[in-house]
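# Coordinate inspection notes
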Amino acid sequence: MSKMKKVLALLLVFVLTASLGACGGSPKEETKKDTVPTDTKQTDVTQAVKEETDKASGDYEFKEPVTIKFANYGVLEAGYDKFWNDAKKGFEEKYPDITIEFMTAEYGQMLTQVVTWVGGGEKVDLVFGEASWIPTLADAGILMPVTDAFSEDYLSQIYPSMLEAMKVDGVPHGIPMYASPFIMLYNKDLFEQAGLDPNSPPATVDEMMEIAPKLAALKTADGNPVYPFGMTTASVAVSGSCLTSLIYGFGGSVLSADGKLDIDNAGFKQTFEFLKELDDKGYNPQVSKLKDLRNLFALGQLAMYYDQSWGFNGVRSINPDAIDFVASAAPLAGGQGTGESLIQAHTLMMGNNGEAQVEATKLFIQYLLTEDVLIPYLQNVAPGYPSMKALSEIPGITESPVLAGAIKSLDTARSATNIPTINDFNLELTALAQAVTVNDKEVDQAINDFKTAAEGILSN
Amino acid sequence: MQNKSITFDPNKKKGAPFMRRITKDRLFALALLTPSIIVTVMFILVPVFDSVIRSLQDYRIKNIIAGTPGKWNEFANYMKLFSNNKLLPSIETTFIFVGGVVLAQFVLGMAMALVLNSNLKGARFIRSIMMAPWIVPTIISGLIWMWIYQPQYGLLKYVVGIFSAGRVTDFAMLNNPATALLGIAIAALWKQIPLTALLLVSGLANVPEETMEAATVDGANAVNRFFHITIPYMKSIIKVTTSMSIIENFKQFPLIWTMTGGGPDNSTSTLAILSYREAFVSNNLGSGAAVTTIWMLLMIGVVILFNIIFKETKME
């Protein structure tokens, strides 16, 4: 090899090595200082914010423009994107010193993405997501208690059961934007076709099982079978939440208040016996996700199913005429239960990135929860029960076919015990449902297997 | 006897420039290798070592956020994995999946390669379009196959209904713990066979025609020619192709997570799924690292075994 070639090769190697070295540099330390508050810093800032909030004036003076970094999967979803972009525009017009910057990821990736962002030194001021994300994000130290930002007076305007669902170690870590227990949606047309009163949905599991054969005998216009009752059991965390709701309906429990396994109760076992019976009779579409049930419901192949109220948006996207046949009812009461349900909320969760950021984020949350902004969203985009008590009597809510029939279930809805491993625990709960249905295991044996797996998860 | 002793002559420096050149060449080679060494150390060895260390610690997301180190937890991550009846079924599922897919992939890929290498009409056309599944992103492949398997209105249900004259109406491959893994394996094969076939076709081109002709003249039939000439000549490409397939399927995650999430009843929960659930669903990175460490050791063991087998079956 000529000398020149050798020199060129060495030069290339040097450039490569230098560029590799350059890959490692980042101003992480500096960013981290701002993003991850130490306990002391957090206390100082939250104390300052609290003082500001306690002034009850809301007239915080921003010394310089503030940008709120808002992690929001909704911006990527058709139907929701317009609302969020309009909300951003409206807020920025009202508060010219504050800019909203969306940070987006798909729904299924958002929780992991937020953790990755913050872990990588990126600031996240606000997260829109499920209440079930709170324990994970709080455990990771990403969220601040909302009691440090909002006054007691403001928080007292929120439904206590909804605020309860936000609590980790007794402290709320999110502001529910709107909520819904798992409710029962049913198809009035199918009820009529089966000779049932469309205005008298079943209230108990026994009543439902009594009318189920009539609904199962129906066929759609193109000859497809009709399933009487849909309960999600697919391997996704939200299915586990829905199963928890069903267990509550049977008067059972899943976790104790201190996060221990609490399944030695009749309601828990009866729930899975019920699921097995549904499966044996072919009443429930097997291993379905909520979106599968929404598809079937939209196509007139499912008479009743459990969902959150905003799940109807998925139904409507498939069949816009579904609004004509949908009605809602309180969840079924089974065994010794009274039909209690699990409350779910779409939640606004705050990070603590300094006084100005927190104050701006607080203003944005308050803006989102005003009647002018929230009610059109709940009426036209995502049917749900507003978290602010004052908004619940608005006709748009009380007369909505998706919300009206189940509105009383809000009073009895319970929150889940918030533990950091709740999502994995929920997946194991779906495995139990699958064991007694598609895997034909005996209920007692399946519950014993579940205990072993669940205790491993809870020990995490 | 001839005296072979070497005498040192200080004036004789013939060897020195040679040694200097050797040293220079070595240094030059080392310099050229430096970026590769750095990349290997930084992006492979350090993360692997770091992962093994984390597997021995209580290490969670909050440790990353707060920048605090994990705490040594006396092998608790490993003990938990063995006590909660999760690890061994996952290992079993992983091996069944890898074994089945790799074997089927090789057999079907080779069959396709032989067809494509023949003078069959349309072989060139097939070769040009057969890569389409390989180009499709894995998650999209998973979604496509989920729709095909969909129990109420999927294509497979329709086809089964036709072939069974309407007698089978509830065929749901992914809902049955006995068939769910097979359903995923079919999707994996659909995606991976094209590349395998293409690689094997390139290997077939290395089989000398004169040897085949000589064997034919000597009376060897097609089967004998295939096993005694084609396969030995293709040994190196088969080894590479199969190694790639083993690794690809050992670490298969997106297809399984998209199609079944590890269900039903954990029947498709492989080590990849278990690792993800431990690390990112339960948010216990230490426990996830423990699964990954076991997974890595198993994969190393399989690859070593594979190399030994290939060495032993070397044909002269």
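Just above, that's the structure.
Residues numbered from 1 in each chain as written. Chains lettered and ligands numbered in written order. Predicted model: local features only at pLDDT ≥ 70, side-chain atom pairs only at ≥ 80, totals over all residues.

So, about the overall build of chain B. For chain B, the count of helices and strands is 15 helices and two strands. Here the C-alpha atoms of chain B give a radius of gyration of 27 Å, more than 25% beyond the 20 Å that 2.2 N^0.38 yields for 316 residues. Overall, the C-alpha framework of chain B stretches about 100 × 70 × 35 Å when taken along its three principal axes. Burial statistics for chain B: of 316 residues in total, 31% are counted as buried. Excluding contacts between residues fewer than 6 apart, the proportion of contacts in chain B whose partners are at least 24 apart in sequence is 69%. (Helix = DSSP H or I, 4+ residues; strand = E, 2+ residues; numbered from the N terminus. Rg over C-alpha atoms; globule rule 2.2 N^0.38 Å. Buried ≥ 20, exposed ≤ 12 C-beta atoms within 10 Å, placed from the backbone. Contact = placed C-beta atoms within 7 Å.)

For chain A, the helix and strand inventory stands at 20 helices and 12 strands. Dimensions of chain A, computed from C-alpha atoms along their principal axes, come out at roughly 85 × 70 × 45 Å. Sorting the 460 residues of chain A into buried and exposed places 51% on the buried side. The long-range fraction of contacts in chain A, counting pairs at least 24 apart against all pairs at least 6 apart in sequence, stands at 76%.

Residues and elements named next belong to chain B. As for its placement among the helices and strands, Gly-161 is situated in helix H8 (residues 155-163). According to the C-beta neighbour criterion, Gly-161 is partly exposed, with 15 such atoms within 10 Å. Along the backbone, Gly-161 and Ile-294 are 133 residues apart, and their C-alpha atoms lie at a distance of 43 Å.

This brings us to the sheet that holds strand S10 (residues 326-329) of chain A. Residue and element names in this part refer to chain A. Spatial ordering of the open sheet is given by S8-S9-S7-S10, a layout of four strands whose pairing is mixed. For this open sheet the edge positions go to strand S8 (227-230) and S10, each flanked by a neighbour on one side alone. Looking at each pair of strands side by side, their axes are set apart by 15° on average, direction ignored. Looking at chain direction, strand S7 (residues 183-187) and strand S9 (residues 302-307) are connected through four bridges and run antiparallel. Bridge pairing in S9 places Met-184 opposite Tyr-306. Packed on one face of the sheet, helix H10 (residues 205-216) meets S8 and S9 and runs near 135° to S8. Helix-sheet contacts for helix H13 (residues 290-298) involve S7, S8 and S9, and the interaxial angle to S9 is about 150°. (Pairing = 2+ DSSP bridges. Axes fitted to C-alpha atoms, helices over the stretch in contact; angles between N-to-C directions.)

The subject of this paragraph is the environment of Tyr-306 of chain A. Residues and elements named next belong to chain A. For Tyr-306, the position within the fold is in strand S9. For the pair Tyr-306 and Pro-331, spaced 25 residues apart in sequence, the C-alpha to C-alpha distance is 7.6 Å. Ignoring sequence-local partners within four residues, the contact set of Tyr-306 consists of Phe-182, Met-184, Met-231, Cys-242, Ser-245, Leu-246 and Pro-331.

Moving on: the interface of chain A and chain B. Taken residue by residue, the interface counts 42 residues in chain A and 38 residues in chain B. Of all the secondary structure elements, the ones that give two or more residues to the side of chain A that touches chain B are helix H1 (3-24), helix H5 (107-119), helix H6 (134-139), helix H19 (422-436) and helix H20 (443-458) of chain A.

The description of two helices packed together rests on the angle between their axes and the distance between the axes. Residues and elements named next belong to chain B. For the pair helix H7 (residues 138-149) and helix H9 (residues 180-204), interaxial distance at closest approach is 10 Å and the crossing angle is 130°. Compared by their axis directions, H7 and H9 come out oblique. Where H7 crosses over H9, the two elements pack in a sense that is right-handed. Residues Thr-138, Ser-141, Gly-142, Trp-145 and Tyr-149 of H7 touch H9, and the partners they reach there are Gly-183, Ala-187 and Lys-191. Its residues assigned to classes, the contact of H7 with H9 shows three nonpolar, four polar and one charged. (Parallel < 35°, antiparallel > 145°, perpendicular 65-115°, else oblique. Left-handed = near helix turned anticlockwise from the far one by under 90°. Nonpolar A, V, L, I, M, F, W, Y, C, P; charged D, E, K, R; others polar.)

Residues and elements named next belong to chain A. Between its first and last C-alpha atoms H10 spans 16 Å; for 12 residues at 1.5 Å apiece the expected length is 16 Å, and the two agree. Those residues of H10 lying buried are Val-205, Met-208, Ile-211, Ala-212 and Leu-215. Along the long axis of H10, the arc covered by the buried residues comes to 140°, so they all point the same way. The exposed residues of H10 that point more than 90 degrees off its buried face are Asp-206, Glu-210 and Pro-213. In the core, the buried residues of H10 are packed alongside helix H9 (188-193), S8, helix H12 (266-280) and S9. (Expected span 1.5 Å × (residues − 1). Arc of directions from axis to C-beta.)

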